[in-house]
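# Analysis of the macromolecular model
Below are the chains, spelled out letter by letter.
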Amino acid sequence: MSGDFLTQAFVYLAAAVVSVPIAKRLGLGAVLGYLLAGTAIGPFGLGFIGAEGQDMMHVAEFGVVMMLFVIGLELEPLRLWRLRAPILGMGGLQVLVTTVAVAGIAMALGVRVPAAFAIGMTLSLSSTAIVLQTLTEKDLLKPAGGQASIAVLLFQDIAVIPMLAVFPLLASRAPDDAHAGGAHAPATWITGLPAWAQTLAVLGAVAVVVLAGRFLVRPAFRAIARVRLREVFTAASLLLVVGAALLMARVGLSPALGAFLAGVMLATSEYRHELESDIEPFKGLLLGLFFIAVGASVDFNLIASQPLVIAGLVAAIIALKFGVLFALARGFRMSLDQSLLFAFALPQVGEFAFVLFSFAHQEGVLDAATTGPLVAAVALSMAITPLLLIVNERFIMPRFGTQERAGRAADEIDREGPVLIAGFGSFGSTVGRLLRANGVPTVVLDIDSDRVELLRKLGLKVYYGDASRPDLLRAAGAERARLLVLALDSPDRTLELIHTVRKHFPTLTIYARAFDWEDAHELIAAGVTHVYRQSLDTSLRMGTDVLRQMGFRAYQAQRAAHKFMLHDERSMVELTERRGDRASYINEARERIEDLEGRMLADLEHTDLDRDEGWDAESLRGEYGRNAPGETA
């Protein structure tokens, strides 16, 4: 088959379009679908792509960089600082303990000490791309197990740098001349500098990314946004990611680390959501190509020639890393279900292993007879990761995780209440505490076991359990309760629970939290009549205070806010019917906005507002050169 780029792109995209929907329909997840597609079209499957597929692999690897940028956008600096303990503690211990354990086993099998430690360091790493994509797909990044996985993966990505520096010191012979200064050790800006200068250069590059993200990028995006061309903003988003990755690569660091730091610095930016929406399509597509390339790299000829050896290697790697991860999670006092999630998420070996094993072979640390089976085992361990998480979700958690917690909760549900609350985060807990303070009995369910334990220590009656399970709702008294408050963290889970309640408890009144207008439309379309957008009341409170500061009297500001809320909620319900027709939706929304402004301005004409101190239309128009508050063009 022709090795040109367009042919490769066509084969990869066709494989993705065919395999992923099938995998999703079978409940296997998108990541496993990509991996199976790569296996099918690879040189050891149907042979549609061969060794020349590395051209596409180089392009697809940039998907990992984009993924780290998007993850950085979700982690504000303060939140990242709060993760410093698991990053350094749990991440450092995981790499250290796994390295020592693997090296010890390798030495017991007769492997030389330098080679044993090279193998140990490489196998201690996990796959950032596969783990984060799979956890995101299953909405498992927010629980404690998902957060711990992010922390450990971040440490591992950083740890790759010292590993590359240590490998040449472990070599038993000089590297081949053909490889000296070759592809495995590309020249960087710091090549040839003394160690102290290299350290300063690396720290300086990190500082440049941090300072630029904090002080330069925001004004630049503000100027670009004024152009009002979406494609220019998208180009600027890609330029930012490429620039941060390129700078890190030039000083010998991981490109993904630079993209991650840039994302963290922009996590509090007003352009965060715009950046995320621009990058997301590129990230998803390139990651899919990356997973296909991983699947295609599995050498089935080698596996067929040494099936027992490679199967044993895969089983040993998974078992050893699972044991280390589970022990660490329990040592850091994570709950059983979150410990299982953490251990099932990270026992594979990461994509950096391909680079490290190749580097170790070129430096003379490992020979080809050793690296061949190890590389095959690495690819297989990555391929079975989605399966491991499916096993945990469907078979392990119901028996050892959720069952244990749900059993405790069911035993303690010794009273019923007129109100059930599903989800007890910042939103749900405010509702629950208000009801409790006014003597209204509630039964609270939450799926985050760590949060449940913390709230119980604070004296709040909260039960662990998945509220989407009809049997758990029935045990909590849903058949006799008057209403259900939905305050879950995921819109998808909220809709799923609404469908469950409508099917099994049709008389139960639902009060649901919505995140935005689109989410509210989905809830209304699902039959929920009591929908509350989480930011509406806070926004109106601020707007009321601003009106008062501008000279409005208190009763006038409160009346204006109340009228605005009634109009906004009525519009939200009525516009739901038009959301399928975007043009009609926009026209109707524009008319409603103009109608609201007209009504409220008419009310102002019957007040003595202009005579209130601090608010004068003429003076404000003269000062700002445009319409004053309360005036139209």
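Each remark here, short or long, concerns the structure printed above.
Residues numbered from 1 in each chain as written. Predicted model: local features only at pLDDT ≥ 70, side-chain atom pairs only at ≥ 80, totals over all residues. Heavy atoms only, no water.

Moving on to the overall build of the chain. Within the chain one finds 28 helices and six strands. Burial status across the chain gives 47% buried among its 633 residues. The contacts of the chain with a sequence gap of at least 6 include a subset with a gap of at least 24, amounting to 74%. Surface accessibility of the chain: about 31,000 Å² in total, with carbon and sulfur atoms responsible for 62%. (Helix = DSSP H or I, 4+ residues; strand = E, 2+ residues; numbered from the N terminus. Buried < 20%, exposed > 50% of the residue type's maximum accessible area, 1.4 Å probe, protein only. Contact = heavy atoms within 4.5 Å. Areas by Shrake-Rupley, 256 points an atom, 1.4 Å probe, with all protein chains shown as cover.)

Before going further, it helps to examine the environment of Trp189. Checked against the element boundaries, Trp189 lands in the loop between helix 9 (144–170) and helix 10 (195–227). Separated by 13 residues in sequence, Trp189 and Val202 have C-alpha atoms that sit 10.0 Å apart. If we ignore the near neighbours within four places in the chain, the residues touching Trp189 are Leu247, Arg250 and Val251.

Within the structure shown, the criterion is met by two salt bridges. With its nearest N and O atoms 3.3 Å apart, the salt bridge here joins Glu479 to Arg474. The exposure class assigned to Glu479 is partly exposed, which follows from its relative accessible area of 46%. Taking the shortest distance from any N to any O, the salt bridge between Glu479 and Arg480 comes out at 3.9 Å. Take Arg480: its relative accessible area is 53%, and that puts it in the exposed class. In this structure, a network of salt bridges that share partners links the residues Arg474, Glu479 and Arg480. (Salt bridge = Lys/Arg side-chain N within 4 Å of Asp/Glu carboxyl O.)

This brings us to a nonpolar patch on the surface. A surface patch of nonpolar side chains, amounting to about 640 Å² of accessible area, comprises Leu93, Leu96, Val97, Val100, Met107, Val113, Phe117 and Phe332. Secondary structure elements with two or more residues in the nonpolar patch: helix 6 (84–108) and helix 7 (113–123). The leading source of residues in the nonpolar patch is helix 6, at five residues. By the element assignment, Val97 lies in helix 6. With relative accessibility at 35%, the residue Val97 sits in the partly exposed group. (Patch = residues over 30% accessible without salt bridge, like charges linked within 9 Å, V, L, I, M, F, W, Y side chains within 5 Å.)

Moving on to the nonpolar core. Ranked by size, the top nonpolar core spans 121 residues in total, and within it Phe69, Leu123, Phe167, Phe221, Phe291, Phe342 and Leu346 carry the most contacts. Not counting the four nearest positions on each side in its chain, Phe342 is found in contact with Met90, Gly145, Ala148, Ser149, Val152, Leu325, Ala329 and Met334. If you look at the next biggest cluster of nonpolar residues, it comprises 30 residues, including Leu420, Leu484, Leu497 and Phe505. (Core = buried A, V, L, I, M, F, W, Y, C linked by side-chain atoms within 4.5 Å.)

It is at 9 Å that the axes of helix 15 (residues 307–331) and helix 18 (residues 368–383) come closest, and there the two elements cross at 55°. Between helix 15 and helix 18, the angle falls in the class oblique. The two elements helix 15 and helix 18 meet at a crossing, and its hand is right-handed. Residues Ile310, Leu313, Val314, Ile317 and Ile318 of helix 15 touch helix 18, and the partners they reach there are Pro373, Leu374, Ala376, Ala377, Leu380 and Ser381. Residue composition of the contact of helix 15 with helix 18, by class: ten nonpolar, one polar and no charged. (Axes fitted to C-alpha atoms, helices over the stretch in contact; angles between N-to-C directions. Parallel < 35°, antiparallel > 145°, perpendicular 65-115°, else oblique. Left-handed = near helix turned anticlockwise from the far one by under 90°. Nonpolar A, V, L, I, M, F, W, Y, C, P; charged D, E, K, R; others polar.)

What helix 21 (residues 449–457) keeps buried is the set Ser449, Val452 and Leu455. Seen end-on, helix 21 carries its buried residues on one side only, within an arc spanning 125°. More than 90 degrees from the buried face of helix 21, the exposed residues found are Leu454 and Lys457. After helix 21 finishes, the residue Gly459 shows a positive phi value of roughly 90°. (Arc of directions from axis to C-beta.)

It is worth stressing that arrangement in space is one thing and function is another; only the former is reported here.
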